[in-house]
Amino acid sequence: RGGQSQTAKGAPPPVQVVTEKRRDKKVTRVLNLEAYLLTPSQVASDLQHRFASSAGVVDVPGKKKALEVVVQGDHAQGVGKYLVEEC
């Protein structure tokens, strides 16, 4: 509120890295980045360059103000390694 940071009780939700099949192609989804003060658009840009594939930021269906990064291809292991080493 008003540009001030807020703290919430409990542990932040874990970052989820999920691979799923859409229209006969695999995509990797990365959720809950905001809880760790990571900017989804910056993460998407970094992943796009790292994996030489298309990446973007979309709204999470059913959640207000929640964003997810979607990367084309099965990159779950590489995304996990990137989050641990680079972020």
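Residues numbered from 1 in each chain as written. Predicted model: local features only at pLDDT ≥ 70, side-chain atom pairs only at ≥ 80, totals over all residues. Heavy atoms only, no water.

Caption draft 1: Broad picture of the pairing of strand E4 (residues 67-72). Sheet topology note: the strand E2 (residues 25-31)/E4 ladder contains 5 bridges and is antiparallel. Residue pairing across strands places valine 27 opposite glutamine 72, the latter belonging to E4. Examined bridge by bridge, strand E3 (residues 55-59) and E4 share 5 bridges and lie antiparallel to one another. In the strand pairing of E4, alanine 55 is matched with valine 71. (Pairing = 2+ DSSP bridges. Helix = DSSP H or I, 4+ residues; strand = E, 2+ residues; numbered from the N terminus.)

Caption draft 2: Structural detail: helix H1 (residues 40-51). The terminal C-alpha atoms of H1 lie 16 Å apart, and with 12 residues this matches the ideal 16 Å at 1.5 Å per residue to within 8%. Among the residues of H1, Pro40, Val43, Ala44, Leu47 and Phe51 are the ones counted as buried. Down the axis, H1 shows its buried residues gathered within 100° of arc, on one side only. Its buried side turned inward, H1 meets E3, E4 and helix H2 (76-86). The first or second residue beyond H1 is alanine 52, which carries a positive phi of 50°. (Expected span 1.5 Å × (residues − 1). Buried < 20%, exposed > 50% of the residue type's maximum accessible area, 1.4 Å probe, protein only. Arc of directions from axis to C-beta. Contact = heavy atoms within 4.5 Å.)

Caption draft 3: Spatial organisation of the pairing of E2. Counting buried positions along E2 gives 5 out of 7 residues, so the element sits mostly inside the fold. The loop that links strand E1 (residues 16-22) with its antiparallel partner E2 comprises 2 residues; one of these, arginine 23, has a positive phi angle of about 50°.

Caption draft 4: Inspection of the sheet that holds E2 at higher detail. Strand order in the open sheet formed by 4 strands is E1-E2-E4-E3, and the pairing between neighbours is antiparallel. Among the strands making up the open sheet, the edge pair consists of E1 and E3. On average, adjacent strands in this sheet sit at an angle of 30° to one another, irrespective of strand direction. Its contacts with the sheet place H1 against E3 and E4, and it is angled at close to 10° to E4. (Axes fitted to C-alpha atoms, helices over the stretch in contact; angles between N-to-C directions.)

Caption draft 5: Structural view of H2. Every buried residue belonging to H2 is among Val79, Tyr82 and Leu83, and all of these are buried. Relative to the axis of H2, the buried residues are bounded by an arc of 95° and lie together on one face. Looking at H2, the residues exposed on the side facing more than 90 degrees away from the buried face are Gln77, Lys81, Val84 and Glu85.

Caption draft 6: Representation of the nonpolar core within the structure. With 12 residues, the main nonpolar core is built from Val30, Leu33, Val43, Ala44, Leu47, Phe51, Ala55, Val69, Val71, Val79, Tyr82 and Leu83. Those elements that place two or more of their residues in this core are H1, E4 and H2. Here the element with the most residues in this core is H1; it accounts for 4 residues. (Core = buried A, V, L, I, M, F, W, Y, C linked by side-chain atoms within 4.5 Å.)

Taken by themselves, the reported measurements are silent on function.
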